[in-house]
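# Working through the structure, step by step
Residues per chain, in single letters:
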Amino acid sequence: MVWRLALLAALTTTLGCFSGRPDLDFGDVHGTVMLQGKPLADATVRFQPESGRPSYGKTNEAGEYTLNFMGKEWGALVGNHQVAITTEDRIENPETGESRWQPEILPPKYNTQTELAAVVEPGENEVNFMLDEMKKGAKRP
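Residue numbering note: each chain is counted from 1, following its sequence as written. Selection of residues for local features in this predicted model requires a pLDDT of at least 70, selection of side-chain atom pairs for listing and counting requires 80 or more, and totals for whole chains, interfaces and linings are taken over all residues. Working from all heavy atoms in the structure, the side-chain values ignore hydrogens and water.

### Some points on the side chain of Q102
- Secondary structure counts use DSSP, requiring at least four H or I residues in a row for a helix and at least two E residues in a row for a strand, with both numbered from the N terminus. Mapped onto the fold, Q102 is located in strand β10 (residues 99-102).
- Each residue is assigned to one of three classes by its accessible area relative to the maximum for its type, calculated with a 1.4 Å probe on protein chains only: buried under 20%, partly exposed between the two thresholds, exposed over 50%. The class of Q102 is buried, set by a relative accessible area of 1%.
- Polar contacts, as used here, are pairs of N or O atoms within 3.5 Å; protein pairs need one atom able to donate a hydrogen and one able to accept it. Residues neighboring in sequence count only if both atoms are side-chain atoms. Within the structure, the side chain of Q102 is placed 3.3 Å from the backbone oxygen of D42, a separation counted as a polar contact.
- Within the local environment of Q102, its side chain forms a polar contact with the backbone oxygen of T87, the two atoms lying 2.8 Å apart.

Here it is as structure tokens:
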């Protein structure tokens, strides 16, 4: 009977090691992106840590996003991050299956030459962005 309990404990421990989650410190990150006081839909939010892989999220119609790490709902690595927000992407209509190219409407200071930053702490993190300008000549989708 004792050996069965020992075997069960060993199997449980071994299976737990293969959960796929890396041995890193994560914080859950969510928030809202607003552009000129209105929610920014279909934008990609990237948190790039000082070292390691970035986390990404996509804003919904209300401008809300949740970060994923390597496609998993693990949030972002704990620490300092450069943040980039971009609208340039291919958007698919879930009802028709048709896709369209959405051009960049944000200036480089929000993406390719980002001035945005955030600190991710262990646990829950709400990080909101209030963007005040669009790229010159751009129109909201």
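### A few points about the pattern of salt bridges
- The term salt bridge refers to a pairing of a side-chain nitrogen on Lys or Arg with a carboxyl oxygen on Asp or Glu at a separation within 4 Å. One pass over the structure, following the stated rule, counts three salt bridges.
- The salt bridge involving D132 is made with K109; its shortest N-O contact spans 3.9 Å. With D132 in the segment after β13 (129-131) and K109 in the loop between β10 and β11 (116-120), this pair connects stretches of sequence that are 23 residues apart.
- On the basis of relative accessibility, which here comes to 52%, the residue D132 falls in the exposed class.
- Residue K109 is classed as partly exposed on the basis of its relative accessible area, which comes to 24%.
- Connected through salt bridges with shared partners, the residues K109, D132 and E133 form a single ionic network.

### A word on the nonpolar core
- Ranked by size, the top nonpolar core spans 23 residues in total, and within it L40, F47, Y65, I85, F129 and L131 carry the most contacts.
- Elements with a minimum of two residues in this core: β1 (26-35), β3 (44-49), β8 (79-86), β11 and β13.
- Here, two residues are considered to be in contact whenever any of their heavy atoms come within 4.5 Å of each other. Dropping the residues within four chain positions of it, F47 is found in contact with V29, P54, S55, Y65, L67, H81, Q82, V83, A118, V120, V127 and F129. Nine residue types can take part in a nonpolar core, namely buried Ala, Val, Leu, Ile, Met, Phe, Trp, Tyr and Cys, and a core is a set of them joined through side-chain atoms within 4.5 Å.

### Some details on the environment of R90
- Tracing the sequence through the fold places R90 in strand β9 (residues 89-92).
- The partly exposed category is assigned to R90, whose relative accessible area is 48%.
- Residues R90 and W101, spaced 11 residues apart in sequence, show a C-alpha to C-alpha distance of 4.5 Å.
- Every residue in contact with R90, bar those within four places of it in the chain, is listed here: S99, R100 and W101.

### A few points about the sheet that holds strand β4 (residues 55-58)
- Here, a strand pair is defined by DSSP locating no fewer than two bridges between the strands. Strand order in the open sheet formed by five strands is β6-β4-β3-β8-β11, and the pairing between neighbours is antiparallel. Whereas interior strands pair on both sides, the edge strands pair on one side only; in this sheet they are β6 (68-69) and β11.
- Judged from the four bridges that link them, β3 and β4 form a sheet pairing that is antiparallel. Within β4, the residue paired with V45 across the bridge is G57.

### Some details on the pairing of β8
- Sheet analysis places β3 next to β8, joined by six bridges and oriented antiparallel. When the bridges of β8 are listed, Q48 appears paired with Q82.
- Where β8 and β11 come together, five bridges link them in antiparallel fashion. The partner of V83 across the bridge, within β11, is L116.

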